[in-house]
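Examining the three-dimensional arrangement
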Amino acid sequence: MTEWTTDMLISTSENIAQHQIAETLGIVRGATVRAKHVGTDIVAALKQLVGGELTGYSSLLAGAREQALDRMIEDARAQGADAVVAVRIQTSTITRGASEILAYGTAVRLKPLSD
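Rules behind the numbers
- Residues numbered from 1 in each chain as written.
- Predicted model: local features only at pLDDT ≥ 70, side-chain atom pairs only at ≥ 80, totals over all residues.
- Heavy atoms only, no water.
- Helix = DSSP H or I, 4+ residues; strand = E, 2+ residues; numbered from the N terminus.
- Buried < 20%, exposed > 50% of the residue type's maximum accessible area, 1.4 Å probe, protein only.
- Contact = heavy atoms within 4.5 Å.
- Core = buried A, V, L, I, M, F, W, Y, C linked by side-chain atoms within 4.5 Å.
- Salt bridge = Lys/Arg side-chain N within 4 Å of Asp/Glu carboxyl O.

Residue placement: V28 occurs in strand β3 (residues 19-35). The buried category is assigned to V28, whose relative accessible area is 0%. Between the C-alpha atom of V28 and that of Y104, which follows or precedes it by 76 residues, the distance is 5.6 Å. For V28, the residues in contact, after removing those within four places along its chain, are M72, D75, A76, Q79, V84, A103, Y104, G105 and A107.

Here we take up the nonpolar core. M8, I10, V28, M72, A76, V84 and V87 are the most contacted members of the largest nonpolar core, which totals 15 residues. Discounting chain neighbours no more than four positions away, the residues touching M72 are I10, V28, R29, G30, V84, V87, A103, Y104 and G105. Counting residues in each nonpolar core, the second largest holds six residues, with L9, V85, V108 and L110 among its members.

The phi angle at Q18 is positive, at roughly 65°, despite the residue not being glycine. Inspection of the secondary structure puts Q18 in the loop between β2 (9-11) and β3. Overall, Q18 belongs to the exposed group, its relative accessible area being 60%.

Time to look at the pattern of salt bridges. Here the structure, examined in full by the defined rule, presents two salt bridges. As a salt-bridge pair, D7 and R77 come within 2.7 Å of each other at their nearest N and O atoms. Here R77 lies in helix α2 (residues 55-78) and D7 lies in the loop between β1 (2-4) and β2, a separation of 70 residues in the sequence. With relative accessibility at 47%, the residue D7 sits in the partly exposed group.

Quick look at the structure:
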C-alpha cells in the first residue's frame, strides 16, 4: 500500500513504483497512548450481550493510529525525508484500559527512475 500525504509518500512496501531510494535516513517513529473512557466500557459491556462491533473502541483506535502516523511523518520531515517505506503499526497494552499505538518505518529520500 502506498499513500500520499500533503508532501510525504508513505508505503508499507520497501519500494515505491517509479522511484528509486537515493538515500536512507533512518528509522522514524510516532506513538500515542490512549485510555478507555468509562462510558465506552459500559456501552461495550452491553454490546457484548447482543454482539456486534464495539464502535467506541474502533473509533478510539482509529484516532490513535492516525495520531501515531502523523507523529511518524513529523519525525520523517525533521530528518529531511520525502518518503517513509516499510511502515508498520504496532499495538501494545500499557496497563489495564490503556494501549500504546506505535507507527514506524524507514525515512528515505527518493529520486525518479531514469528511463
